[in-house]
Amino acid sequence: MDKALLEQGGINVNEALERMMGNEKLLSRLLGKFLEDASCERLAQAIAVQDAQAAAEAAHTLKGVSGNLSISTVYDLASRQCDLFRSGAWEEGCALMPQVEDACRIAQDAIRTGT
C-alpha cells in the first residue's frame, strides 16, 4: 500500500487504518469496493435529469461511503452538496458536481495505483 499516493488522492490513510484497526489488507479491499460504487454516477445522472430527490439520495450515499473510508475530499464535497440539496439550494448543489466528479476520479486513480 502506497500511503503517500493514497493521501495525494484525498484519502486520510491513518484515519482509515485506525477505523480498520490497522488492517491494511482490509483497507485495500474496502477501497477497492469504492471503485465499484456507482454513487457518483447516479448523482451525475440525477442532476442531468433534474431529479432533486435522487440527487439528494445519491449525494447522501456518496457522503456515507467516502466518509467510512476516510476519502476526505469526496466526503467534504458530497456532504456540502447533500446539505445544499436538502435545503433546497438546487443550483448551488449542482454547481459542485464538477468538483465532486474530479475528487471521485482522483481518489479512484489513487486507489487503482496505490493499493
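Cut-offs applied
Here, residues in each chain are numbered from 1, in the same order as that chain's written sequence. In view of the model being predicted, local features appear only for residues whose pLDDT reaches at least 70, and side-chain atom pairs are presented and counted only at 80 or more, with totals across whole chains, interfaces and linings using the full set of residues. To obtain the side-chain values, all non-hydrogen atoms of the structure were used and water was disregarded. Every case where a carboxyl oxygen of Asp or Glu lies within 4 Å of a side-chain nitrogen of Lys or Arg is listed as a salt bridge. For the purposes of this entry, the term helix denotes a DSSP run of H or I that reaches at least four residues, the term strand denotes a run of E that reaches at least two, and both are numbered from the N terminus. Categorising residues by exposure relies on relative accessible area from a 1.4 Å probe, with only protein chains included: less than 20% of the type maximum marks a residue as buried, more than 50% marks it as exposed, and the intermediate range marks it as partly exposed. Between 30 and 60 degrees the pair is tilted, below 30 it is stacked and above 60 it is edge-to-face, where a pair is any two Phe, Tyr or Trp rings, Trp via its six-membered ring, whose centres lie within 6.5 Å. The nonpolar core is taken to be a set of buried Ala, Val, Leu, Ile, Met, Phe, Trp, Tyr and Cys residues, with the residues joined through side-chain atoms within 4.5 Å. Axis angles are defined between N-to-C directions and span 0 to 180 degrees, where every axis is a line fitted to C-alpha atoms and, for a helix, only to the segment in contact. Any angle that falls under 35 degrees is termed roughly parallel, while one over 145 is termed roughly antiparallel, one within 65 to 115 roughly perpendicular, and all others oblique. What makes a crossing left-handed is the near helix being turned counterclockwise from the far one by less than a right angle; a clockwise turn instead makes it right-handed. Contacts: residue pairs with any heavy atoms within 4.5 Å of one another. Nonpolar residues are Ala, Val, Leu, Ile, Met, Phe, Trp, Tyr, Cys and Pro. Charged residues are Asp, Glu, Lys and Arg, and all others, Gly as well, are polar. The directions considered for the arc are those from the helix axis to the C-beta atoms.

(A) Spotlight on the pattern of salt bridges. Considering all chains together, one arrives at five salt bridges under this definition. With its nearest N and O atoms 3.9 Å apart, the salt bridge here joins Arg 105 to Asp 102. A residue pair is termed a helical-turn pair when its members lie 3 or 4 positions apart in one helix, as Arg 105 and Asp 102 do in helix H8 (residues 97–114) at three residues. Of the residues examined, Arg 105 reaches a relative accessible area of 41% and is grouped as partly exposed. Salt bridges sharing partners connect three or more residues here, namely Asp 102, Arg 105, Asp 109 and Arg 112.

(B) Representation of the packing of aromatic side chains in the model. Summed over the entire model, instances satisfying the criterion amount to one aromatic pair. Between Phe 85 and Trp 90, the ring centres sit 5.1 Å apart and the planes meet at 35°, which makes this aromatic pair tilted. Here Phe 85 and Trp 90 have matching classes, each one buried.

(C) Spatial organisation of the nonpolar core. Counting residues in each nonpolar core, the largest one holds 35 residues, and the members touching the most others are Leu 31, Leu 43, Ile 47, Leu 62, Ile 71, Phe 85 and Val 100. If you tally residues by element for this core, the top one is H8, at seven residues.

(D) Layout of the packing of helix H6 (residues 72–86) against H8. Two elements in contact, H6 and H8, have axes separated by 9 Å at closest approach and are oriented at 155°. Relative to H8, H6 is oriented roughly antiparallel. Note on packing geometry: the crossing formed by H6 with H8 is left-handed. Packed against H6, whose contacting residues are Thr 73, Val 74, Leu 77 and Gln 81, the element H8 presents Met 97, Gln 99, Val 100, Ala 103, Cys 104 and Ala 107 at the interface. Across the contact of H6 with H8, the residue classes break down as seven nonpolar, three polar and no charged.

(E) Spotlight on helix H4 (residues 39–48). Among the residues making up H4, those that are buried are Ser 39, Cys 40, Leu 43, Ala 46 and Ile 47. Along the axis of H4, the buried positions cluster into a sector of 125°, meaning they face one direction only. For H4, the exposed residues lying more than 90 degrees away from the buried face are Gln 45 and Ala 48. In this structure, the buried side of H4 is in contact with helix H5 (52–68), H6, helix H7 (90–95) and H8. Following H4 by one or two positions, Gln 50 has its phi on the positive side, about 55°.

Everything listed is a geometric property; what it means functionally is a separate question.
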